[in-house]
Amino acid sequence: VIYLDHHAATPLSERVQAAIADAHREAWANASSAHAAGRAARARIEHTRRALATHLNVQPADLVLTAGGTEACNLGVQGLARGGRVVTAATEHPAVLEAAHDRAVILPDALEELLQPEDALVALQWVNHETGAIAPVEQYARICRERGVPLFVDACQALGKLPVDLASLGASAVAFGASKLGGPASAGALWVERGRQLEPRIVGGPQERGRRAGTLDAAAVAGFGAALEALPTRLADQARLATLRDRLEHACLALGAVANHPHARVATVTNVSFQGWRSEILVAALDVEGLCASAGAACSSGVTTGSPVLAALYPHEPWRAHSALRLSLGPETTEEDVVRAIAVLTKVIRRA
Ligand SMILES: Cc1ncc(COP(=O)(O)O)c(C=O)c1O
């Protein structure tokens, strides 16, 4: 198959698979146990924590490891908002949007006008999962600092695609998921600024300095650590991916699609709409021909309500949200994949 759904999940490299298998063999014990077997599991976890801290330019102790990006987002939003009003955007991932019990939903451009002094938290993403839009997070951080409201940033789609330096960002908490950068889906992390109160979501133990109870899966965390080793290579690959992505996008436009993309975006994704098509039918037709693609967020695949992101971005052209196709690339994507994907797209669209 041709896999063009890297924004949903990334393949595990041999190295990541080996790190996970090794931890399953050697580090299966409870990482809180004081004995040698427990210490072996703890060592894998702390190695990943240190590696992630180095990449993010933060202190390891300020990282809470989680079982994925959604958990990190839930913890960041609910742990900081503590029941207060959250200012967030209609274009956010459901992991953030649905975590805010009381929320004001905006388009991020409106942050400055809509932010109220009584707001408990601003929760916005760095890179959009559907369009690849890069948000001006430094600007959000400045506005939030000026107004004295903490900022949570969902960086699940940013790490591995953009340089991420949290020391200079100025956010209060930032979430990551391993499955978007070559790691397993069951590992993630939340960075929280020193001194910031975070109410745990999962309770029942002192793990992660009381911020996230429960035994971590040392094998998944080890896989995350191995994936982090390839981050510099991932970043260095972005220019190549932009060229391949543009080729793919031009082919879609030549087949009659319109592009749903913002001005500033990452190299790994094109999002287009084929008027007259339903996303789910197009994605299924491509799947039959061996092309794995998506209509938008994988967690809403099979849902026929259309993309909430595109509905928010194009309120006057609702058809875009119902006929969207997201093609996303990663380091494993080759020129041959793109050539074959274009052939499949041409066959499926022309046949209709
Ligand atoms: C922007 C964004 N936030 C959060 C998540 C949730 O991450 P996970 O799949 O690791 O739970 C995703 C996954 O697609 C995402 O794209």
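A few points on the structure. Being a predicted model, the structure only gives us computed values, none of them experimental.

**Looking at the overall build of the protein**
Argument step 1. The helix and strand inventory of the protein stands at 14 helices and twelve strands.
Argument step 2. In terms of C-alpha radius of gyration, the protein reaches 20 Å, essentially the compact-globule figure of 20 Å for 352 residues.
Argument step 3. With the C-alpha coordinates of the protein rotated into their principal frame, the extents come out at 65 × 50 × 30 Å.
Argument step 4. Each of the 352 residues in the protein was classed as buried or not, and the buried ones make up 56%.
Argument step 5. Long-range contacts, defined here as pairs at least 24 residues apart, represent 71% of the contacts in the protein between residues at least 6 apart.
Argument step 6. Charged side chains in the protein number 33 positive and 36 negative. The centres of these two groups are separated by 3 Å.

**A closer look at the nonpolar core**
Argument step 1. By size, the foremost hydrophobic cluster in this structure holds 63 residues, and its most contacted members are Leu56, Leu111, Val122, Trp126, Leu159, Leu166 and Val174.
Argument step 2. Looking at this core, the element that brings in the most residues is helix H8 (residues 218-229), giving nine residues.
Argument step 3. Counting 29 residues, the second largest nonpolar core, distinct from the first, contains Leu241, Ala251, Leu286 and Ile349.

**Structural notes on empty space enclosed by the protein**
Argument step 1. Within this structure, the stated rule accounts for two cavities of 30 Å³ or more.
Argument step 2. There is about 70 Å³ of room inside the largest cavity.
Argument step 3. As for the largest cavity, its lining consists of 13 residues, and the residues nearest its centre are Arg234, Thr268, Leu329, Gly330 and Pro331.
Argument step 4. Classifying every residue of the lining of the largest cavity by side-chain character gives three nonpolar, six polar and four charged.
Argument step 5. The volume enclosed by the second largest cavity comes to roughly 60 Å³.
Argument step 6. When the residues that make up the lining of the second largest cavity are grouped by side-chain class, the tally is three nonpolar, five polar and two charged.

**Here's the deal with the pairing of strand E6 (residues 151-154)**
Argument step 1. Residue alternation in E6 divides its side chains into two sets, Leu151 and Val153 and Phe152 and Asp154, and both sets are buried.
Argument step 2. Read as a crossover between parallel neighbours, the route from strand E5 (residues 121-125) over helix H6 (residues 137-147) to E6 is right-handed.
Argument step 3. Taken together, the three bridges between E6 and strand E7 (residues 173-177) define a ladder with parallel strand orientation. The residue bridging aspartate 154 from the neighbouring strand is alanine 175, located in E7.

**Considerations on the pattern of salt bridges**
For side chains bearing opposite charge, pairing can occur when the charged atoms are close.
Argument step 1. Counted under the stated rule, the structure contains 22 salt bridges.
Argument step 2. Here arginine 82 makes a salt bridge to glutamate 199, at a shortest N to O gap of 3.7 Å. Of this pair, arginine 82 sits in the loop between helix H3 (69-81) and strand E3 (86-89) while glutamate 199 is found in the loop between strand E8 (188-192) and H8, placing the two residues 117 residues apart along the sequence.
Argument step 3. The partly exposed category is assigned to arginine 82, whose relative accessible area is 45%.
Argument step 4. Measuring nitrogen to oxygen at the nearest pair gives 2.5 Å for the salt bridge that ties aspartate 119 to arginine 85. Here aspartate 119 is found in the loop between helix H5 (111-114) and E5, whereas its partner arginine 85 is found in the loop between H3 and E3, with 34 residues between them in sequence.
Argument step 5. In this structure aspartate 119 comes out as buried when scored by relative accessible area, which is 5%.
Argument step 6. Overall, arginine 85 belongs to the partly exposed group, its relative accessible area being 28%.
Argument step 7. One network of salt bridges, with partners in common, ties together Arg42, Glu46, Arg49 and Glu208.

**What about the sheet that holds E6?**
Argument step 1. With respect to topology, seven strands assemble into an open sheet ordered E2-E8-E7-E6-E5-E3-E4, the strand pairing being mixed. Each edge of the sheet is formed by a strand with only one pairing partner; in this case those strands are strand E2 (63-66) and strand E4 (103-106). Between one strand axis and the next, the sheet turns through 20 degrees on average, direction left out of account.
Argument step 2. Looking at chain direction, E3 and E5 are connected through three bridges and run parallel. Note that in E5 the partner of threonine 88 across the bridge is alanine 123.
Argument step 3. Along the sheet, helix H2 (residues 36-56) makes contact with E2, E7 and E8, crossing E2 at roughly 125 degrees.
Argument step 4. Set on the sheet, H3 makes contact with E2, E3, E5, E6, E7 and E8; between it and E7 the angle comes to about 165 degrees.

**Focus: the environment of valine 348**
Argument step 1. As for its position among the elements, valine 348 is in helix H14 (residues 335-351).
Argument step 2. Sequence separation between valine 348 and leucine 286 is 62 residues, and the spatial gap between their C-alpha atoms is 6.9 Å.
Argument step 3. Among residues more than four places away in sequence, those in contact with valine 348 are Trp277, Leu282, Ala285, Leu286 and Glu289.

**Concerning the packing of helix H11 (residues 279-288) against H14**
Two numbers describe a pair of packed helices, the interaxial angle and the distance between the axes.
Argument step 1. At a closest axis distance of 10 Å, the pairing of H11 and H14 adopts a crossing angle of 125 degrees. Taken together, the axes of H11 and H14 are oblique relative to one another. Seen along the crossing, H11 lies across H14 with a hand that is right-handed. Judged by residue contacts, Leu282, Ala285 and Leu286 of H11 engage Val344, Leu345, Val348 and Ile349 from H14.
Argument step 2. For the contact of H11 with H14, a count of residues per class yields seven nonpolar, no polar and no charged.

Reading the values: the criteria
- Residues numbered from 1 in each chain as written.
- Predicted model: local features only at pLDDT ≥ 70, side-chain atom pairs only at ≥ 80, totals over all residues.
- Heavy atoms only, no water.
- Helix = DSSP H or I, 4+ residues; strand = E, 2+ residues; numbered from the N terminus.
- Rg over C-alpha atoms; globule rule 2.2 N^0.38 Å.
- Buried < 20%, exposed > 50% of the residue type's maximum accessible area, 1.4 Å probe, protein only.
- Contact = heavy atoms within 4.5 Å.
- Lys, Arg positive; Asp, Glu negative; His and termini not counted.
- Charge placed at Lys NZ, Arg CZ, Asp CG, Glu CD.
- Core = buried A, V, L, I, M, F, W, Y, C linked by side-chain atoms within 4.5 Å.
- 1 Å grid on protein atoms, 1.4 Å probe; cavity = no way out; pocket = protein on both sides within 12 Å on 5 of 7 lines; lining within 4 Å.
- Points joined across faces, edges and corners; volume = space filled by probe spheres on them.
- Nonpolar A, V, L, I, M, F, W, Y, C, P; charged D, E, K, R; others polar.
- Right-handed = clockwise from strand over helix to strand, strands pointing away.
- Pairing = 2+ DSSP bridges.
- Salt bridge = Lys/Arg side-chain N within 4 Å of Asp/Glu carboxyl O.
- Axes fitted to C-alpha atoms, helices over the stretch in contact; angles between N-to-C directions.
- Parallel < 35°, antiparallel > 145°, perpendicular 65-115°, else oblique.
- Left-handed = near helix turned anticlockwise from the far one by under 90°.

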